[in-house]
Structures are given as C-alpha cells and as structure tokens.
Amino acid sequence: MHSVLEIETALRQLPPQERWEIARWLLEDLQESNLGNAEGKGSGDNGGRTLPLPDYSARRRRIFGNKVLPNMVLISRAQEPW
C-alpha cells in the first residue's frame, strides 16, 4: 500500500471488531509517542532534531504546473497612488 486512500479502503473492508482493534492500537501508539516526545523535550529543545521546512516551490508546481504566476505584491504596489 502506497497511499492513505489505499490504506483507508483496506481498513473499510475489515470487520468492525478488527477496525476497532486497529483504532485502539493506533491511539495507544500515538499516546506513547506523545509521552515520549514530552519527556524527551527539554527547555524548548526539539530533541536535537531539526524539523524539515515545507517545499513551497514543489507544492506550487504540483498545484499549478509550470505556469509563471504574476507577483501580486508588485502589481498591487504599482496600483497604489503613493
């Protein structure tokens, strides 16, 4: 399974009892990881890990393709009667 949609489809095909067992396991796992993260954090420290920054240019290309978008800030500044 490579996508959330495939996982969701597979889960919906399970009997309700098995879905509840998976949901309970997932909640317990999330709670344990949250407790572990809370204990591992010091005074504002994120455990020595740096969080990756989102790739906005890749997101823009995924949404709009290779279109060249106008710079709306420059256009609005040009229209202001300063």
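Here the structure is a predicted model, which is why all the values come from computation and not from measurement.

How each quantity is defined
Each residue is numbered by its place in its chain's sequence as written, counting from 1. Per-residue local features of the predicted model are confined to residues with pLDDT of at least 70, and side-chain atom pairs are confined, for both listing and counting, to 80 or more; whole-chain, interface and lining totals are unaffected and use all residues. Side-chain numbers here rest on the full set of heavy atoms in the structure, without hydrogens or water. Helix and strand assignments follow DSSP, with helices taken as H or I runs no shorter than four residues and strands as E runs no shorter than two, numbered in order from the N terminus. Exposure is judged per residue with a 1.4 Å probe applied to protein chains only, and the accessible area is read against the type maximum: over 50% gives exposed, under 20% gives buried, and values in between give partly exposed. Areas reported as accessible are Shrake-Rupley estimates using a 1.4 Å probe. Residue values count occlusion only from the protein chains shown. For this analysis, a salt bridge means a side-chain nitrogen from Lys or Arg found within 4 Å of a carboxyl oxygen belonging to Asp or Glu. Like charges within 9 Å and nonpolar side chains (Val, Leu, Ile, Met, Phe, Trp, Tyr) within 5 Å are joined into patches, using only residues over 30% in relative accessible area that form no salt bridge. Note: pLDDT gives the predictor's confidence per residue, expressed from 0 to 100. By the criterion applied in these results, polar contacts are pairs of N or O atoms within 3.5 Å in which, for protein atoms, one can donate a hydrogen and the other can accept it, and in which residues neighboring in sequence qualify only through two side-chain atoms.

*Asks:* Honestly, the overall build of the protein in this entry has me stumped. Any pointers?
*Replies:* Helix and strand counts for the protein stand at four helices and zero strands. Going residue by residue from the N terminus, the α and β elements of the protein occur as α-α-α-α. Counting the 82 residues in the protein, one finds 0% classified as buried. Summed over all atoms, the accessible surface of the protein reaches about 8,100 Å², with 59% contributed by carbon and sulfur.

*Asks:* Would you explain the pattern of salt bridges in this entry?
*Replies:* If charged atoms from side chains of opposite charge come close, those side chains can pair. For the structure on display, the rule yields one salt bridge. A salt bridge links E8 to R12; the shortest N-O distance between them is 2.8 Å. With E8 and R12 both in helix α1 (residues 4-12) and four residues apart, this pair spans about one turn of that helix. Residue E8 is classed as partly exposed on the basis of its relative accessible area, which comes to 33%.

*Asks:* What is the right way to look at a nonpolar patch on the surface in this model?
*Replies:* A surface patch of nonpolar side chains, amounting to about 630 Å² of accessible area, comprises I7, L11, I22, W25, L26, L27 and L30. Residue assignment for the nonpolar patch shows that the elements contributing at least two residues are α1 and α2 (16-40). Residue contributions to the nonpolar patch peak at five residues, all from α2. Along the chain, I22 falls in helix α2.

*Asks:* I keep staring at the confidence of the model for the protein and nothing clicks. Help me out?
*Replies:* Predicted coordinates in regions of low pLDDT should not be interpreted in detail. For the protein, mean pLDDT is 81; residues scoring 70 or higher make up 82% of the total. Averaged pLDDT values over the elements of the protein bottom out at 81 in helix α4 (residues 72-79) and peak at 89 in α1.

*Asks:* Please explain the environment of S33 as it appears in this structure.
*Replies:* With respect to the helices and strands, the residue S33 is situated in helix α2. Looking at S33, the relative accessible area reads 33%, which means it is partly exposed. Within the local environment of S33, its side chain forms a polar contact with the backbone oxygen of L30, the two atoms lying 2.9 Å apart.

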